[in-house]
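Next come the chains, spelled out residue by residue.
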Amino acid sequence: MNFHTIHHCRQCGTSVEHRVPDDGDTKTRAVCPACGTIHYQNPLNVVGTVPHRDDRVLLCKRNIEPRRGFWTLPAGFMELGESTAEGAMRETREEAGAEIELEGLFTLLNVVRVGQVHFYYRARMLSERLDPGPETMEARLFSEDEIPWDEIAFRTVKETLERFFDDRRRGAFGIHAGDLD
Ligand SMILES: [Zn+2]
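Residues numbered from 1 in each chain as written. Predicted model: local features only at pLDDT ≥ 70, side-chain atom pairs only at ≥ 80, totals over all residues. Heavy atoms only, no water.

Colleague: If you had to explain the overall build of the protein chain to someone new, which residues and values would you point to?
Modeller: Scanning the protein chain from terminus to terminus reveals 2 helices and 11 strands. Ordered by position from the N terminus, the helices and strands of the protein chain form the series β-β-β-β-β-β-β-α-β-β-β-α-β. Across the 181 residues in the protein chain, those meeting the buried criterion constitute 41%. Accessible area of the protein chain: about 10,200 Å², with a carbon and sulfur share of 47%. The positive charge centre, built from 23 side chains, and the negative charge centre, built from 31, are 1 Å apart in the protein chain. (Helix = DSSP H or I, 4+ residues; strand = E, 2+ residues; numbered from the N terminus. Buried < 20%, exposed > 50% of the residue type's maximum accessible area, 1.4 Å probe, protein only. Areas by Shrake-Rupley, 256 points an atom, 1.4 Å probe, with all protein chains shown as cover. Lys, Arg positive; Asp, Glu negative; His and termini not counted. Charge placed at Lys NZ, Arg CZ, Asp CG, Glu CD.)

Right, here's the structure in full:
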């Protein structure tokens, strides 16, 4: 599987070869024939929150591709230098401007096909004040029967929302780990 194809060496710019390195490795890598650099590629972490207040959950309408105009939970790629929890809080601030207090980890979803792992934390909203950033057209709270299920941007978001309302009905929140195709 090639997720993000590398064409040129990041060290010297030479066109790379895609082959199994001679060092006992078993996977095909982008190997530079000039300087010998082997480019390793690993899954990316996506971190986000399920901000909730009373019986409602905060969703953001995406103002960027992919899935512009669809609704999502606040989430994005983790940055170097931050923890998963810090990244989740940062994304919530940037995309919704929501004041939250982070609760427990809620879902851990592998999306092997695209090389991503998604982590969602439950988060209590401390107020209803919102200040969406440029990546968001609109942010608002939805009760379960108001959720626009056909306009949810990503399957990880849909899965996380379904788990959240299921657990809420049961009166106990677990940690849900799973794989999505
Ligand atoms: Zn090179």
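Once the structure has been displayed, the description carries forward.
Colleague: Pulling in residues and values, what's your account of the side chain of Thr92?
Modeller: Its location among the elements puts Thr92 in helix α1 (residues 84-96). Within the local environment of Thr92, its side chain forms a polar contact with the side chain of Thr49, the two groups lying 2.7 Å apart. Of note is the side chain of Thr92, whose polar atom sits 2.7 Å from the backbone oxygen of Ala88. With near-sequence residues (within four places) excluded, Thr92 lies in contact with Thr49, Pro51, Pro74, Gly97, Ala98 and Ile100. (Polar contact = N/O pair within 3.5 Å; in protein donor to acceptor, adjacent residues only side chain to side chain. Contact = heavy atoms within 4.5 Å.)

Colleague: Account for the nonpolar core, with residues named and values stated.
Modeller: Formed by 16 residues in total, the largest nonpolar core has its most connected members in Val50, Val57, Leu59, Leu73, Ile147, Ile152 and Leu161. Looking at this core, the elements with two or more residues in it are β4 (44-53), β5 (56-62) and α2 (155-170). Among the elements that take part in this core, α2 stands out by supplying 4 residues, more than any other. Apart from residues no more than four positions distant in its own chain, Val57 is found in contact with Val50, Pro51, His52, Leu73, Arg140, Leu141, Phe142, Leu161, Phe164 and Phe165. (Core = buried A, V, L, I, M, F, W, Y, C linked by side-chain atoms within 4.5 Å.)

Colleague: Give me the lowdown on unusual backbone geometry, citing residues and values where you can.
Modeller: Looking along the chain, the bond that leaves Glu65 and enters Pro66 is cis, with omega of -5 degrees. Positionally, Pro66 belongs in the loop between β5 and β6 (71-72). With a phi angle near 55 degrees, Asp54 is a residue other than glycine that sits in the positive phi range. Tracing the sequence through the fold places Asp54 in the loop between β4 and β5.

Colleague: Give a description of the coordination of the zinc ion that names residues and reports values.
Modeller: Here the zinc ion is held by Cys9 (SG), Cys12 (SG), Cys32 (SG) and Cys35 (SG), and the distances to it run 2.2 to 2.4 Å. Coordination at the zinc ion is tetrahedral: its 4 donor atoms span angles of 103 to 119 degrees at the metal. Sequence positions of the donors to the zinc ion reduce to the motif C-x2-C-x19-C-x2-C. Taken together, the residues Cys9 in the segment before β1 (17-19) and Cys35 in the loop between β2 (29-31) and β3 (38-39) connect sequence positions 26 residues apart. (Donors = N, O, S within 2.8 Å, 3.2 Å for Na, K, Ca; no water. Tetrahedral: all angles 85-135°; square planar, octahedral: opposite > 155°, others 65-115°.)

Colleague: Could you give me a rundown of the sheet that holds β2, with the residues and numbers involved?
Modeller: Spatially, 3 strands are ordered β1-β2-β3 in an open sheet, and the strand pairing comes out antiparallel. Each edge of the open sheet carries a strand with a single partner, namely β1 and β3. Where β1 meets β2, 3 bridges bridge the pair, whose relative direction is antiparallel. Counterpart to Glu17 in the pairing with β2 is Val31. (Pairing = 2+ DSSP bridges.)

Colleague: Now, about the pairing of strand β9 (residues 116-125): what can you tell me, with residues and values included?
Modeller: Most of β9 is tucked away: 9 of the 10 residues are buried. Pairing between β4 and β9: 9 bridges, direction parallel. The partner of Val50 across the bridge, within β9, is Arg122. For strand β8 (residues 100-111) and β9, the ladder comprises 9 bridges, and the chain directions are antiparallel. Residue pairing in the sheet places Glu101 in a bridge with Arg124 of β9.

Colleague: Now, about the environment of Leu109: what can you tell me, with residues and values included?
Modeller: Here Leu109 lies in strand β8. Of the residues examined, Leu109 reaches a relative accessible area of 4% and is grouped as buried. Residues Leu109 and Arg169, spaced 60 residues apart in sequence, show a C-alpha to C-alpha distance of 22 Å. Once residues lying within four places of it in the same chain are set aside, the contact partners of Leu109 are Gln116, Val117, His118, Thr156, Glu159, Thr160, Gly178 and Leu180.

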